[in-house]
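Fold and geometry: a report
Here are the chains, one letter per residue:
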Amino acid sequence: IGLALVLVRWSLGREASVRAVEQARHLANLGQMSAILAHEIRNPLASLKGNAQLLARALPEGDRARAKADRVVDEAVRLEHLTNDLLAFARSGEIRVAAADPVALLRDAAEAAAPGRVEVVDADAPRSWPLDADRMRQVLVNLLENAAEMSDAPITATVTRGPAGLRFVVRDHGPGLPDGDLEKVFEPFFTRRTRGTGLGLAVCKRLVELHGGTLVATNPAGGGAAFTIELPKAVR
């Protein structure tokens, strides 16, 4: 029985390792493809947007042709956001860890993402933690911006010591996530927003995992959605 248990554990561990390697290979290929696509689109898109803006400014307000030119500019800006997200996804493979103040980091991200709408809770938060401050700020801003889009109610952002080390929680008070989407929201290109790219949360999860941490989505009691980041002290 003991030998059987050892073999079962070994088999499960091996399967998990194979899945992790396959996922890493898939993300690497996807990142390479995304970078190539984004670079190919970027230059002609900039030209398209610039000329459409010039055309719009040359036409009188209220003119039907002006409205059409403005529509072209709006769509070009949307595609520009997509290419930026693609490049962010492709480039998120390296972090530079240094001591940082997680409270100051969260407050700065809150002010950048949703000024005046975020209640920051920092009880029992450490004053220093090893992480890549720029990359973690990128993660927090993205989560806070998403929370701001889900509801007009205040957002709660918490930083504290968790069981695994450092914990950030971003919670909105919107409709929450469908149960079947709690894992899917982190998959590249998955989105239910009509103008979303489906890459923001995928980039967030990847950056958190590069810190050796985890990012999970839940629907807490009382409504809304919560995104929880757990970061260990030692980055693997």
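Above this note sits the structure.
Everything numeric in this text was worked out from a predicted model, so none of it was measured.

A few words on unusual backbone geometry. At Asp 124, a position not held by glycine, the phi torsion is positive, near 65 degrees. One can find Asp 124 in the loop between strand 2 (118-121) and strand 3 (129-131).

What follows covers the pairing of strand 5 (residues 165-171). Strand 5 sits mainly inside the fold: five of its seven residues count as buried. Bridge analysis of strand 4 (residues 155-162) against strand 5 gives seven bridges, and the strand direction is antiparallel. Considered in strand 5, the bridge of Val 159 is made with Phe 168. A loop of two residues connects strand 4 with strand 5, the two strands running antiparallel in sequence. As paired strands, strand 5 and strand 7 (residues 226-231) are joined by six bridges and run antiparallel to one another. For Leu 166, the partnering residue across the bridge sits in strand 7 and is Leu 231.

Applying the stated criterion to the full structure yields seven salt bridges. Here Arg 66 makes a salt bridge to Asp 70, at a shortest N to O gap of 3.4 Å. A residue pair is termed a helical-turn pair when its members lie 3 or 4 positions apart in one helix, as Arg 66 and Asp 70 do in helix 2 (residues 64-91) at four residues. By relative accessible area, which is 14% here, Arg 66 ends up buried.

Before going further, it helps to spend a moment on the nonpolar core. By size, the foremost hydrophobic cluster in this structure holds 42 residues, and its most contacted members are Met 136, Leu 144, Phe 168, Phe 227, Ile 229 and Leu 231. Among the elements that take part in this core, helix 4 (residues 133-150) stands out by supplying eight residues, more than any other. With residues near it in sequence (within four places) discarded, Leu 231 still touches Trp 129, Leu 131, Met 136, Ala 164, Gly 165, Leu 166, Phe 168, Val 208, His 211 and Gly 213.

This next bit is on the packing of helix 4 against helix 5 (residues 200-210). At a minimum axis distance of 9 Å, the contact between helix 4 and helix 5 shows a crossing angle of 145 degrees. For the pair helix 4 and helix 5, the crossing hand works out as left-handed. Between helix 4 and helix 5, the residues in contact are Arg 135, Gln 138, Val 139, Asn 142, Leu 143 and Asn 146 and Gly 200, Leu 201, Val 203, Cys 204, Leu 207 and Val 208, respectively. Considering only residue class, the contact of helix 4 with helix 5 consists of seven nonpolar, four polar and one charged.

The next thing to look at is the packing of aromatic side chains. Under the defined criterion, the tally for this structure stands at one aromatic pair. Here the aromatic rings of Phe 186 and Phe 227 are separated by 6.1 Å at their centres, their planes lie at 85 degrees, and the arrangement is edge-to-face. Taken together, the residues Phe 186 in the loop between strand 5 and helix 5 and Phe 227 in strand 7 connect sequence positions 41 residues apart. When its relative accessible area of 9% is taken as the criterion, Phe 227 is described as buried. Residue placement shows Lys 205 over the ring face of Phe 186; its charged tip is 5.1 Å from the ring centre. Over the face of the ring belonging to Trp 129 we find Lys 233, whose NZ or CZ atom lies 4.7 Å from the ring centre.

How each quantity is defined
- Residues numbered from 1 in each chain as written.
- Predicted model: local features only at pLDDT ≥ 70, side-chain atom pairs only at ≥ 80, totals over all residues.
- Heavy atoms only, no water.
- Helix = DSSP H or I, 4+ residues; strand = E, 2+ residues; numbered from the N terminus.
- Buried < 20%, exposed > 50% of the residue type's maximum accessible area, 1.4 Å probe, protein only.
- Pairing = 2+ DSSP bridges.
- Salt bridge = Lys/Arg side-chain N within 4 Å of Asp/Glu carboxyl O.
- Core = buried A, V, L, I, M, F, W, Y, C linked by side-chain atoms within 4.5 Å.
- Contact = heavy atoms within 4.5 Å.
- Axes fitted to C-alpha atoms, helices over the stretch in contact; angles between N-to-C directions.
- Left-handed = near helix turned anticlockwise from the far one by under 90°.
- Nonpolar A, V, L, I, M, F, W, Y, C, P; charged D, E, K, R; others polar.
- Phe/Tyr/Trp six-rings, centres within 6.5 Å; stacked < 30°, edge-to-face > 60°.
- Lys NZ or Arg CZ within 6 Å of the ring centre and 35° of its normal.

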